[in-house]
Amino acid sequence: MPRVTLETLPDYARYLIAAAEGAAACYPTMRKVRLPWLELSAHLGHGVLADALDHAFVEAGHDQPAPSTGRIFIAHPGIDGIPEPAHWGDAHFTEHGFAKQLAEAGLRGHHFHDLDFWQVYDPHRRVGVQLMASADAFPPWEPGAPLRAFLHWEYAARGMRLTHAGTLGIDGKGILLAGSGGAGKSGTVVAGLLNGLDSVGDDYVLIDLTDGVTARPLFSTLKQDTEGFARLGLRQRLTQGPLNWQGKHTFHIHDVAPRPVPAMLDIVALVVPHISGGGASSIMPMSRKDAMIALAPSGIAQMPGERESGFRFFSELARHLPCFRLSLGTDPAEIAGTIEDFLTRGAR
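Residues numbered from 1 in each chain as written. Predicted model: local features only at pLDDT ≥ 70, side-chain atom pairs only at ≥ 80, totals over all residues. Heavy atoms only, no water.

J.: A description of the pairing of strand β10 (residues 166-170) should follow, citing residues and the corresponding values.
T.: The buried fraction of β10 is high, at 5 of 5 residues. With 5 bridges joining them, β10 and strand β11 (residues 173-177) adopt antiparallel strand pairing. Each residue of the ladder has a partner; that of Gly-169, found in β11, is Gly-174. Count of turn residues in the β10/β11 antiparallel hairpin: 2 residues, of which Asp-171 carries a positive phi of about 55 degrees. (Buried < 20%, exposed > 50% of the residue type's maximum accessible area, 1.4 Å probe, protein only. Helix = DSSP H or I, 4+ residues; strand = E, 2+ residues; numbered from the N terminus. Pairing = 2+ DSSP bridges.)

J.: Explain helix α9 (residues 307-320) residue by residue, including any values.
T.: The end-to-end C-alpha distance of α9, which contains 14 residues, comes to 20 Å, matching closely the 20 Å that a straight helix rising 1.5 Å per residue would cover. Taken as a whole, α9 has its buried residues at Gly-310, Phe-313, Phe-314, Leu-317 and Ala-318. Buried residues in α9, looked at end-on, bunch into an arc of 130 degrees, giving them a common side. Counted as exposed and oriented over 90 degrees from the buried face of α9: Arg-312 and Arg-319. For α9, the secondary structure elements touched by its buried residues are β9 (161-164), β11, β12 (204-208), β16 (265-275), α8 (288-301) and β18 (323-328). (Expected span 1.5 Å × (residues − 1). Arc of directions from axis to C-beta. Contact = heavy atoms within 4.5 Å.)

J.: Residues and numbers for the packing of aromatic side chains, please.
T.: In the structure shown here, the tally under the stated rule is 17 aromatic pairs. With 5.4 Å between their ring centres and 40 degrees between their planes, Tyr-27 and Phe-73 make a pair best called tilted. Highlighted residues: Tyr-27 in the loop between α1 (9-22) and β2 (29-35) and Phe-73 in strand β4 (residues 68-75), separated in sequence by 46 residues. For the pair shown, Tyr-27 and Phe-73 are each scored as buried. Of the aromatic side chains, those joined through ring pairs into one cluster are Tyr-12, Tyr-15, Trp-88, Phe-93, Phe-98 and Trp-118. (Phe/Tyr/Trp six-rings, centres within 6.5 Å; stacked < 30°, edge-to-face > 60°.)

J.: Residue-level account of unusual backbone geometry, with values.
T.: Phi angles above zero are rare outside glycine, and Asp-116 is one such case at about 45 degrees. Assignment of secondary structure puts Asp-116 in the loop between β6 (108-112) and β7 (117-122). In this model, Asp-171 sits at a positive phi of 55 degrees, which is unusual for a non-glycine residue. Tracing the backbone through its elements, the reader meets Asp-171 in the loop between β10 and β11. Exposure remark for Asp-171: the relative accessible area of 75% places this residue in the exposed category.

J.: Before we move on, can you summarise the nonpolar core with the specific residues and values?
T.: Residues Phe-57, Ile-74, Leu-147, Leu-151, Tyr-155, Leu-162 and Phe-219 are the most contacted members of the largest nonpolar core, which totals 32 residues. Counting only elements with at least two residues in this core, the list comes to β2, β3 (38-44), α2 (48-55), β4, β7, α4 (148-157) and β12. When residues in this core are grouped by element, the largest group, 5 residues, is from α4. If sequence neighbours within four positions are ignored, Ile-74 has contacts with Tyr-27, His-43, Leu-44, Leu-49, Leu-53, Ile-79, Gln-130, Met-132 and Leu-147. Counting residues in each nonpolar core, the second largest holds 30 residues, with Leu-168, Val-189, Leu-197 and Ala-269 among its members. (Core = buried A, V, L, I, M, F, W, Y, C linked by side-chain atoms within 4.5 Å.)

J.: A description of the pattern of salt bridges should follow, citing residues and the corresponding values.
T.: The tally for this structure, following the rule as stated, stands at 12 salt bridges. Between Arg-31 and Asp-54 there is a salt bridge, with the nearest N and O atoms lying 2.7 Å from each other. A residue pair is termed long-range when its members are at least 10 positions apart, and Arg-31 in strand β2 and Asp-54 in helix α2 qualify at 23 residues. Assessed through its relative accessible area of 43%, Asp-54 is described here as partly exposed. Across the pair Arg-34 and Glu-39 runs a salt bridge whose closest N-O atoms are separated by 3.9 Å. (Salt bridge = Lys/Arg side-chain N within 4 Å of Asp/Glu carboxyl O.)

None of this, on its own, says anything about what the molecule does.
In structure tokens, the structure reads:
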């Protein structure tokens with residue numbers, strides 16, 4: 001089994017891309033995904049990831065600008081020409097050193113040691129490879145947001161950012177909901193969707209700072225733990241499938257809001273929810289520093305590479321927006337009404 005070190009990493013990344021492209025005719029299936037400014041062709045085998053690619057995205061409409069095209073090869077041994085994934089050979093591994101070595105060669109990448117799961121990307125050619133030991137040897141979070149790392153690298157090269165945050169809006173204006181797990185972000189998004197508000201995503205959305213702050217949809221997946229699933233009345237609305245790796249129910253925006261997802265929301269405020277336990281919701285100003293602390297760490301930690309540019313991006317985002325704390329009540333309709341009132345009166 002070959003071993004890769006920092007010194008040989010760029011050559012290994014180029015080798016994987018060449019091997020994956022050389023086997024292009026051998027992949028059992030292909031999925032095309034149209035996203036903002038980007039159309040990806042994913043070459044892969046049948047199974048869980050192919051199914052995820054069919055359902056995980058909010059696809060951009062054909063009325064949007066002509067996209068660039070890219071290719072991602074989801075490869076594993078058993079597809080002709082695809083090698084076994086290599087092990088990491090250096091005594092130490094740091095994400096920063098790994099990313100820096102590839103960036104100096106004009107490449108991007110990530111390695112998940114537990115599975116010898118490799119992702120490498122050439123942003124200039126828009127070609128990437130996800131190499132796994134077998135068809136199902138991927139991290140448990142991968143089906144919920146497939147191709148996330150490749151989208152992160154592609155959009156970062158364009159000056160945009162995948163952001164770990166939720167969104168809610170009305171009439172084209174919206175808020176960005178930031179916070180760590182358990183803060184109530186996902187439940188707030190679902191409560192809004194159930195009560196007439198729009199969303200362009202719950203877990204990861206595409207943020208652009210070119211002209212104000214805009215959020216665009218990428219993934220359609222929503223998640224709720226069993227308690228939130230019951231509290232929001234979803235047991236009566238949705239079929240309960242198996243829980244995901246976090247013990248949560250997964251479903252999609254159209255399952256709870258069967259209406260078109262907006263192509264974009266103009267973000268007018270950064271809002272940090274927390275579960276207060278009180279009866280009524282309230283929205284109060286908070287410091288940009290505290291809002292930044294709620295927003296940036298997960299957005300940096302969950303996206304491989306681009307750390308320095310990520311901190312600069314999130315700092316700029318927080319400077320663009322007024323920041324608020326949302327104390328969550330217990331009634332989903334009341335929570336949605338509080339947010340709608342906040343947006344209607346101009347996020348003051």
